[in-house]
Every structure is written in structure tokens, then in C-alpha cells.
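Report on the structure
What follows is the residue order along each chain.
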Amino acid sequence: FVRSTSSSSCHDTAVLDASGRVALRRPTVILLDDNMSLRSMRYEYYQLAREYQMGFAGLCIQCPASLALQRNSLRQIPIPHSTIETMERRLELPDPTQHPWEARNLVLRNDGEKETFLRSAWEKAV
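Conventions and cut-offs
Residues numbered from 1 in each chain as written. Predicted model: local features only at pLDDT ≥ 70, side-chain atom pairs only at ≥ 80, totals over all residues. Heavy atoms only, no water. Helix = DSSP H or I, 4+ residues; strand = E, 2+ residues; numbered from the N terminus. Buried < 20%, exposed > 50% of the residue type's maximum accessible area, 1.4 Å probe, protein only. Contact = heavy atoms within 4.5 Å. Phe/Tyr/Trp six-rings, centres within 6.5 Å; stacked < 30°, edge-to-face > 60°. Expected span 1.5 Å × (residues − 1). Arc of directions from axis to C-beta. Salt bridge = Lys/Arg side-chain N within 4 Å of Asp/Glu carboxyl O.

Side note on the overall build of the chain
When helices and strands are tallied, the chain shows four helices and five strands. Overall, the chain shows an N-to-C arrangement of helices and strands of β-β-β-α-β-α-α-β-α. In the chain, buried positions account for 21% of the 126 residues. Summarising the internal contacts of the chain: among those between residues at least 6 apart in sequence, 46% fall at separations of at least 24.

Points about the packing of aromatic side chains
Evaluation of the coordinates by the stated rule reveals four aromatic pairs. Geometrically, the ring pair formed by Tyr46 and Phe56 is edge-to-face, given 5.5 Å between the ring centres and 80° between the ring planes. Taken together, the positions of Tyr46 in helix α1 (residues 39-51) and Phe56 in the loop between α1 and β4 (58-62) put the pair ten residues apart, joining distant regions of the chain. Classification of Phe56 by relative accessible area gives buried; the value is 18%. By way of ring pairs, the aromatic residues Tyr43, Tyr46, Phe56 and Trp101 are connected into one cluster.

Overview of the environment of Pro94
For Pro94, the location among the structural elements is in the loop between α3 (81-90) and β5 (105-109). Pro94 sits 35 residues away from Leu59 along the chain, and the two C-alpha atoms are 9.3 Å apart. If we skip the residues at most four places from it in the chain, Pro94 touches Arg39, Arg42, Cys60, Glu102, Asn105 and Val107.

Some points on α1
Relative to the 18 Å expected for 13 residues at 1.5 Å per residue, α1 spans 18 Å between its end C-alpha atoms, a close match to the ideal helical length. Among the residues making up α1, those that are buried are Arg39, Arg42 and Ala49. Seen from one end, α1 has its buried residues packed into an arc of 80°, which puts them on one side. Looking at α1, the residues exposed on the side facing more than 90 degrees away from the buried face are Glu44 and Glu51. A positive backbone phi angle near 55° is found at Gln53, which sits one or two residues after α1.

Re the side chain of Ser37
On the secondary structure map, Ser37 appears in the loop between β3 (22-24) and α1. When sequence neighbours within four positions are dropped, the list of residues in contact with Ser37 reads Arg42, Met87, Arg90, Leu91 and Glu92.

Here we look at the pattern of salt bridges
Across all of its chains, the model carries three salt bridges by this definition. A salt bridge links Arg39 to Glu102; the shortest N-O distance between them is 2.9 Å. Residue Arg39 is located in helix α1, and its partner Glu102 is located in the loop between α3 and β5; the two are separated by 63 residues in the primary sequence. Of the charged contacts, one joins Arg42 and Glu102 as a salt bridge, the two residues approaching to 2.9 Å between their closest N and O atoms. Pair noted here: Arg42 is in helix α1 and Glu102 is in the loop between α3 and β5, with a separation of 60 residues, a long-range link. The exposure classification of Arg42 matches that of Glu102, with both residues buried.

Shown next, in the form of C-alpha cells:
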């Protein structure tokens with residue numbers, strides 16, 4: 001996302017209009033790839049979206065610690081197991097019943113099935 005005060009650059013995706021609001025030139029998607037395990041981390045981005053009058057949605061892929069530990073062991077440089085275990089304990093899943101701003105969050109449970117599905121789509125081009 002680029003914020004600009006002029007429309008002279010063809011690379012800008014948004015400009016400020018006369019009222020100081022962001023005016024998108026074309027559909028824009030901002031994808032953040034982070035664990036954002038704490039609700040407060042996600043809320044900061046929600047506030048930014050609200051400030052700039054943009055849409056907001058979240059995708060949480062919940063992975064059992066046992067699967068994460070198994071995948072971690074396959075890494076060239078694995079992270080400490082305690083890091084994964086701590087992340088699992090501290091993870092605050094979206095809860096729109098208690099936090100209405102989280103209503104546009106989707107939680108997917110990752111049991112390996114979705115990964116197999118996506119891998120087959122990747123490896124078997126049509």
C-alpha cells in the first residue's frame with residue numbers, strides 16, 4: 001500500500017482525496033504474513049483499515065503443535081520446540097462473540113488435509 005499526495009506516479013495504488021481520505025485507484029489487497037498470535041497485534045491492523053476506510057479480513061490457520069513440531073523437524077534450521085509450544089499456549093484465536101471487530105476472521109483447522117489438497121493443485125497443473 002502506497003500513500004501519496006499526488007497521482008503523478010503510476011505505481012501508487014492509493015492517493016489522498018480532497019478531504020484527506022484514501023482514494024483507491026484500483027482494487028487493492030494487502031496481505032500480511034505473520035503469526036499475530038495476540039489479538040492486540042491484529043487489532044492494530046484493523047484500526048489502520050478503519051482509519052483508511054479499507055476492507056479488513058483475517059485468516060487464521062490453526063495447526064496442532066504436534067504437526068508444527070513434526071514440520072519443524074524437517075527444516076534445515078529448526079526453531080526451538082519450546083518456541084512452538086509457547087506460541088500454542090499464547091495463541092488468542094479470533095472470537096467475534098467477545099470482540100465484534102473480529103467478525104471477518106476465518107479460522108481454518110490445519111490437519112494436513114488442506115496441505116495435501118493444495119500440494120496436489122500445485123503439482124498437477126491443468
